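# Notes for the structure review
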Amino acid sequence: MRIPTCARGPFFALVAWVPGVVLALAHSELQRAEPPVESKLKRPPSEVKLYFTERLEPAYSTVRVNDDHGAQVDRQDSHVDSSNPLLLRATLQLLEHGAYSVIWRVLSVDGKVTEGRFTFRVE
Amino acid sequence: MTTLLFGAQWVHLAQCVLLTGAFFVLLLAGWPANDFIRRWEQHVLCWARWFAIVALASGAAVLSVQTGLFEGRPEAALEPRAIWYAMLDTRPGFLWMVRHGLLIVLAAFLFLSGDVSARQNWIAARGEAFVLAALALVLIGSSGHLAATSESLWPQAIDMVHLLGAGIWVGGLPPLALLLYGASQNAAAPDPYAVRTMQRFSRAALIAALILAGSGIASAWLLVGGAAGLVGTTHGWLLLAKFAVLVLALLLAAASRAMMPTLSSPTAAKSSATARRMAWFIASEAGLVLVVLGLATAMTMTRPALHDDPVWPWPVRIVHDFLPTVPLLQRLTQLPIAYVLAVSGLTIFAVVFLVRRRPILLFGTLFALVVNGAAIGLQPLIVQAYPTSFVRSPLSYTAGSIAEGMAVYQAHCASCHGTPTPDPAGGWGSAVDLLASETIWRSVGDLFWLITHGRPNLGMAEFGSRLQEAQRWHVINFLRALGMSGFCASGPSRIGAVVKPDYAWLSAPDLTISVGPLTPTSLRDLRGKRMVLLVLYSLPDSRARMTELARQYGTLSVLGVEVVAAPPQSSPEAIAELGQSPPVLFPVVTNGNEEITAAYRMFAPGTAHTEFLIDRQGYIRAIWRSDLTGMPRADVVQAQVERLNGEKSPPPLPDDHVH
Amino acid sequence: MRMWQVAILVNLALAVGLGFGYGAWGRRLATLDGEVKTAQAQVEQLTREREACFAGARVGEQLWEGRGIVRAVYPKMLIVTHEEIRGLLPARTTGFRLADSTNHERAHAGDPIRFWLQGTGSGNNVLVRMETW
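Residues numbered from 1 in each chain as written. Chains lettered and ligands numbered in written order. Predicted model: local features only at pLDDT ≥ 70, side-chain atom pairs only at ≥ 80, totals over all residues.

## Considerations on the overall build of chain A
Broken down by element type, chain A carries 1 helix and 8 strands. Each helix (α) and strand (β) of chain A, taken in turn from the N terminus, gives the series α-β-β-β-β-β-β-β-β. When each of the 123 residues of chain A is scored for burial, the buried share is 44%. If you take every contact in chain A between residues at least 6 apart in sequence, the share linking residues at least 24 apart comes to 59%. (Helix = DSSP H or I, 4+ residues; strand = E, 2+ residues; numbered from the N terminus. Buried ≥ 20, exposed ≤ 12 C-beta atoms within 10 Å, placed from the backbone. Contact = placed C-beta atoms within 7 Å.)

Put into structure tokens, the structure is as follows:
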């Protein structure tokens with residue numbers, strides 16, 4: 001197969017673009033949360049739900065909720081929802097007024113670990 | 001830990017690629033017909049045995065390092081129990097098992113040498129090795145991003161096809177270099193079988209390159225997400241670096257290809273020298289693409305550009321998305337563009353006529369003209385940019401955020417920018433600068449930079465030290481709502497009592513529907529399922545309308561509408577006040593009403609009874625106000641709902657991608 | 001054995017091993033999941049029957065607890081917007097028949113209540129008791 005001389009440059013450039021992109025594996029990011037990030041709530045929530053951008057591995061994905069003294073206030077039952085592999089949830093004890101931080105660490109099915117935290121207030 | 005993982009994965013990927021390519025080239029060369037090819041084949045098989053061992057060893061290293069990362073503690077990498085669980089309980093672990101099973105079978109195949117003197121035995125042996133190596137390679141694609149985001153097989157297939165192409169092309173280069181070098185050592189002309197193999201490989205590499213191009217573009221489309229991601233993130237920079245190294249490698253490939261005719265020339269010395277030169281070129285090419293594999297592995301370990309916050313490196317950027325009413329299109333047809341087009345056209349004709357015999361001059365002049373024209377023509381689209389221009393807001397666009405932002409604005413910004421005053425007839429009055437068309441162009445990232453660093457030359461102080469990051473983002477959400485409110489009250493994009501089909505732009509701020517002590521839901525939960533009629537009412541004026549809504553609720557439900565009613569104040573008595581004749585069965589918000597009122601009243605100032613019709617995608621499509629259009633009538637609302645139901649193509653979802 | 005026979009044997013062994021292993025293992029997982037869910041539902045049903053028994057119900061009746069907000073009160077019926085009643089109804093607005101003995105006089109539209117339903121579950125449940133939430 002012959003490529004015309006003047007088209008060789010652009011052709012090879014186009015082809016060169018490519019192998020670079022392969023295997024750009026990705027990480028699961030927090031898409032949205034309930035209670036929302038940095039929100040102020042009038043009533044204490046009974047559970048936290050975190051929605052991610054990629055499917056999670058149940059065996060290595062956890063979330064915990066601490067109050068502002070660092071004590072754990074969730075019921076230590078964090079789990080990936082069996083009907084939605086993008087959802088991580090945990091139920092909470094009854095929360096008093098104050099600020100709380102949600103700390104999460106998840107493993108997506110492509111083997112990448114991501115973690116993060118955010119806060120919310122109960123007034 | 002991460003560097004260790006990077007090293008191990010790079011080595012492992014390289015071995016799998018080299019194994020696949022080695023057997024591919026052996027198959028291309030065909031059943032060894034003379035001693036020279038037989039000796040070369042033994043060399044390559046010796047290499048292949050080493051490749052298999054190193055692949056298994058590096059694979060084991062990858063698994064143990066990944067165990068340490070999964071568990072979050074480095075010691076776990078050396079605990080057999082932890083490794084066992086990581087392998088069995090996760091999808092990447094399962095795929096690791098399958099791939100290394102294949103590699104072990106391949107290694108056994110290679111070390112237990114059988115009798116390959118008969119042709120069919122030779123084909124079976126080499127073919128089987130190729131199939132096993134190729135399978136072990138393409139299954140790496142099953143544990144990629146494209147596999148993680150969707151259950152269907154087609155996105156994974158892109159990665160798999162890409163890996164196969166890479167295996168065939170990249171992996172074949174070292175054995176080929178060895179073949180040509182050996183061929184060039186002959187005093188006589190290079191072995192004709194070697195030449196034939198080179199020619200066959202040339203054709204196969206071209207096809208492999210096309211496959212790589214196609215699958216790579218598809219993959220990039222899904223992962224990089226735009227120019228900002230390409231130049232502003234680590235992932236994007238790695239991609240550009242790979243591109244640069246690949247261009248070098250492909251130039252070498254092109255040079256080798258250009259030397260092909262000389263290879264089969266009748267002069268022995270000439271073709272021998274060519275063979276040696278080609279061998280060196282191919283070897284260098286192989287070295288370069290192995291570096292590319294390293295860059296590819298590094299890319300797997302950085303956050304993909306689509307999900308990262310890009311840092312824009314230049315002071316300007318080109319705007320291409322805008323609110324529909326801003327008369328960009330009118331500006332585009334303004335004078336300078338017309339002049340440019342006319343002048344360029346005439347110049348092109350003149351130049352073509354004068355330099356028709358010199359292609360380089362012609363192309364050069366045309367190129368210069370196009371660049372010039374673009375520079376002048378794109379002027380209206382070029383705006384000031386800052387490093388955070390493409391950063392997305394970490395906070396969702398909610399009524400609570402807007403209300404919070406409004407409070408911060410009143411406290412810190414109103415002194416200079418003025419208080420936006422509600423004007424019942426025509427929307428908000430102008431706060432200094434903030435409703436001007438220049439502000440509309442600014443992305444949320446631009447606003448964040450300006451608020452954080454101020455504009456000293458214009459007298460605006462910096463707020464990076466005075467306001468927390470969250471507060472600044474709340475103000476930006478408020479400014480977004482302010483900007484949109486300016487357009488929705490009057491002008492060509494006005495949102496009135498009649499739905500304009502296929503015209504959705506005003507995104508509805510998310511709100512929390514909290515009815516008494518029941519678990520709150522949010523407007524977001526109804527997206528994609530039902531339309532929402534948000535009713536801001538106040539008793540006693542709205543009594544008659546609320547009675548009508550209570551009666552009409554059944555019909556509206558069947559048409560796909562959920563009614564959400566919110567009085568201006570949070571009050572647990574709200575449902576009791578509405579009474580039970582007829583019973584009110586739709587949600588009545590009793591908590592967080594002040595936020596909802598503050599945010600939504602920006603689109604309909606005043607205190608009159610107002611109803612917003614929000615479509616299934618989350619856009620406000622119609623607004624009824626009792627002081628302007630009279631209390632909305634049942635049949636009118638229903639008619640608009642039916643219009644929405646009849647829309648053929650739903651509008652795209654508003655962006656709420658947050659981290 | 002000839003090489004090509006070895007090659008075929010290896011391919012066959014791999015295919016058979018992977019195929020059968022995945023088929024048996026994968027399907028077994030799904031079956032086990034289903035069995036666990038059924039067992040969980042049965043345990044909950046037995047708990048409810050036991051509680052109903054303590055409350056003096058007939059054999060086979062269960063007792064469900066729910067929480068919600070009253071929307072309308074009629075002599076023989078209460079309309080309540082409630083949260084999910086596990087094992088019976090999802091979160092929605094439902095009308096419940098009132099037993100003669102229920103203390104519903106003090107309920108008005110807008111009151112948050114906890115309530116108990118008694119019955120066999122297939123549409124003949126009655127609201128037997130309520131209190132403020």
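## Regarding the overall build of chain C
Tallying secondary structure elements over chain C gives 1 helix and 5 strands in all. Ordered by position from N to C terminus, the α and β elements of chain C give α-β-β-β-β-β. Its C-alpha atoms give chain C a radius of gyration of 26 Å, clearly above 14 Å, the size a compact globule of 133 residues would have. Along the three orthogonal principal directions, the C-alpha set of chain C runs to about 90 × 30 × 20 Å. Taking the intrachain contacts of chain C between residues at least 6 apart in sequence as the baseline, contacts between residues at least 24 apart amount to 42%. (Rg over C-alpha atoms; globule rule 2.2 N^0.38 Å.)

## A look at the sheet that holds strand β5 (residues 126–132) of chain C
The pairing of strands in a sheet comes from backbone hydrogen bonds and takes either a parallel or an antiparallel form. All names here are of chain C. Reading around the barrel, the 5 strands line up as β1-β2-β3-β5-β4 and close back on themselves, with mixed pairing between neighbours. Across the sheet, the mean angle from the axis of one strand to that of its neighbour is 50°, orientation sign disregarded. Relative to β5, strand β4 (residues 112–119) runs antiparallel, the two being bridged by 6 bridges. Considered in β5, the bridge of W116 is made with R129. Together, β1 (62–73) and β4 form the strand contacts of helix α1 (residues 3–54), whose direction differs from that of β1 by roughly 80°. (Pairing = 2+ DSSP bridges. Axes fitted to C-alpha atoms, helices over the stretch in contact; angles between N-to-C directions.)

## Observations regarding the environment of B:L135
Structurally, B:L135 is set in helix α5 (residues 119–138). Remark: the alpha-carbon pair of B:L135 and B:R466, spanning 331 residues in sequence, is separated by 58 Å.

## Describing the environment of B:E595
All names here are of chain B. Note on placement: E595 falls in helix α22 (residues 593–600). In sequence terms E595 and E404 are 191 residues apart; their C-alpha atoms lie 8.1 Å from each other. The contacts of E595, once residues within four sequence positions are left out, are A399, G400 and A403.

## Regarding the sheet that holds strand β5 (residues 79–80) of chain A
All names here are of chain A. Strands sit in the order β1-β3-β6-β5 across an open sheet of 4 strands; the sheet is antiparallel. At either margin of the open sheet sits one strand with a lone partner, and together these are β1 (30–34) and β5. Bridge count for β5 against strand β6 (residues 87–91) is 2 bridges, and the pairing is antiparallel. Looking at the pairing, V80 lines up with L88 of β6.

## Focus: the packing of α5(B) against helix α7 (residues 154–184) of chain B
Two packed helices can be described by the angle between their axes and the distance between those axes. Residues and elements named next belong to chain B. Contact geometry of α5 with α7 gives a least axis separation of 9 Å together with a crossing angle of 130°. In this view, α5 runs oblique relative to α7, as classed from their interaxial angle. Crossing geometry of α5 relative to α7 is assigned as right-handed. Taken together, the residues of α7 that come into contact with α5 (itself represented by A134, L137 and V138) are M160, L163, L164 and G167. Here the residues of the contact of α5 with α7 sort into 6 nonpolar, 1 polar and no charged. (Parallel < 35°, antiparallel > 145°, perpendicular 65-115°, else oblique. Left-handed = near helix turned anticlockwise from the far one by under 90°. Nonpolar A, V, L, I, M, F, W, Y, C, P; charged D, E, K, R; others polar.)

## Regarding the interface of chain C and chain B
The interface is formed by 21 residues belonging to chain C together with 22 residues belonging to chain B. Only α1, β1 and β2 (77–82) of chain C provide two or more residues apiece to the side of chain C that touches chain B. Broken down by element, the residue count for the side of chain C that touches chain B peaks at 6 residues, all from α1(C). Tallied by class, the residues present in the side of chain C that touches chain B amount to 13 nonpolar, 5 polar and 3 charged.

## A closer look at the confidence of the model for chain C
Residue and element names in this part refer to chain C. Per-residue confidence for chain C averages 85 on the pLDDT scale, and 99% of its residues sit at or above 70. Here α1 stands out as the element of chain C with the lowest mean pLDDT, 85, in contrast to β2, whose mean of 91 is the highest. Prediction confidence for the complex, expressed as pTM and ipTM, is 0.77 and 0.79 respectively. (pLDDT = per-residue confidence, 0-100.)

## Quick look at the confidence of the model for chain A
Per-chain confidence: chain A averages 78 in pLDDT, with 77% of residues scoring 70 or above. This stretch, residues 3–26 of chain A, has a pLDDT under 50; its non-local contacts, to residues over four places away or in other chains, come to 71 contacts.

## Section: the packing of helix α10 (residues 234–263) of chain B against helix α11 (residues 268–301) of chain B
Residues and elements named next belong to chain B. Packing of α10 against α11 brings their axes to within 9 Å, and their N-to-C directions diverge by 165°. As summarised for this structure, α10 and α11 are arranged roughly antiparallel, according to the angle between their axes. Considering only the axes of α10 and α11, their crossing is left-handed.

## Some remarks on the nonpolar core
Residue and element names in this part refer to chain B. L19, L106, A133, L137, L180, V564 and Y600 are the most contacted members of the largest nonpolar core, which totals 216 residues. Sort the elements by how many residues they give to this core and helix α1 (residues 2–29) lands first, with 16 residues. Other than its neighbours up to four places away in sequence, L180 contacts A194, M198, A275, M278, A279 and I282. (Core = buried A, V, L, I, M, F, W, Y, C linked by C-beta atoms within 7 Å.)

## A short note on unusual backbone geometry
Backbone torsion omega between A:E34 and A:P35 reads 5°, so that peptide bond is classified as cis. Its location among the elements puts A:P35 in the loop between β1 and β2 (40–41). The step from B:L539 to B:P540 runs through a cis peptide bond, and the omega angle for that step is 10°. The backbone phi angle of A:E38 is positive, close to 60°, even though this residue is not glycine. With respect to the element layout, A:E38 can be found in the loop between β1 and β2. Since 23 C-beta atoms lie within 10 Å of it, A:E38 is described here as buried.

## A closer look at the pairing of β4(C)
All names here are of chain C. Sheet topology note: the β1/β4 ladder contains 8 bridges and is antiparallel. Bridge pairing in β4 places L63 opposite Q118. Hairpin connection between β4 and β5: a loop of 6 residues separates the two successive antiparallel strands, and G121 in this loop has a positive phi of roughly 95°.

## A few points about helix α15 (residues 399–412) of chain B
For α15(B), with 14 residues, the first-to-last C-alpha span of 20 Å sits near the 20 Å given by 1.5 Å per residue. Within the span of α15(B), buried status applies to B:A399, B:G400, B:S401, B:I402, B:A403, B:E404, B:G405, B:M406 and B:Y409. On its buried face, α15(B) sits against β2 of chain A together with α16 (414–417), α19 (469–489) and α22 of chain B. (Expected span 1.5 Å × (residues − 1).)

## Describing the pairing of β6(A)
Residue and element names in this part refer to chain A. Here β6 shows one buried face, formed by L88 and A90, and one open face, formed by L87, R89 and T91. Direction of pairing for strand β3 (residues 47–52) relative to β6: antiparallel, over a ladder of 5 bridges. Residue pairing in the sheet places Y51 in a bridge with L87 of β6. Connecting the antiparallel pair β5 and β6 is a turn made up of 6 residues.

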